[in-house]
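# Inside the fold
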Amino acid sequence: MAEETTQAAGPIRMTAINSMMDTIRYKAQILARTTKLESGIMGMGILGFAIGLVVAMLLIVIPALMLGAI
């Protein structure tokens, strides 16, 4: 009878461990994705800012020149 209790406890423990491992794996994947996203944003931040500044200036200067020509 003691053997049955020991055998029954084994799969239950493995299920709990597998559940915890799945949770840990999920959280690690989210952390890795977030880190990759932040690295990409930081790497392209200056270039993106410069492109945005140029586009904004064009959107301001071109209409101003067109209104000045009229």
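Everything quoted here is computed from the prediction, not taken from an experiment. (Residues numbered from 1 in each chain as written. Predicted model: local features only at pLDDT ≥ 70, side-chain atom pairs only at ≥ 80, totals over all residues. Heavy atoms only, no water.)

### Quick word on the overall build of the protein chain
Scanning the protein chain from terminus to terminus reveals one helix and zero strands. Split into buried and exposed, the 70 residues of the protein chain put 0% on the buried side. A total of about 6500 Å² of accessible surface is found on the protein chain, and carbon and sulfur atoms cover 76% of it. (Helix = DSSP H or I, 4+ residues; strand = E, 2+ residues; numbered from the N terminus. Buried < 20%, exposed > 50% of the residue type's maximum accessible area, 1.4 Å probe, protein only. Areas by Shrake-Rupley, 256 points an atom, 1.4 Å probe, with all protein chains shown as cover.)

### A look at the confidence of the model for the protein chain
With 84% of its residues at a pLDDT of at least 70, the protein chain reaches an overall mean of 83. Here residues 4–8 scores under 50 on pLDDT; set against residues more than four positions off or in separate chains, the count is zero contacts. (pLDDT = per-residue confidence, 0-100. Contact = heavy atoms within 4.5 Å.)

### Focus on a nonpolar patch on the surface
On the surface, Phe-49, Leu-53, Met-57, Ile-60, Val-61 and Leu-65 cluster together into a nonpolar patch covering about 630 Å² of accessible area. Looking at where Phe-49 falls in the secondary structure, it is placed in helix H1 (residues 2–69). Taking relative accessible area as the criterion, Phe-49 reaches 62% and is therefore assigned exposed. (Patch = residues over 30% accessible without salt bridge, like charges linked within 9 Å, V, L, I, M, F, W, Y side chains within 5 Å. Salt bridge = Lys/Arg side-chain N within 4 Å of Asp/Glu carboxyl O.)

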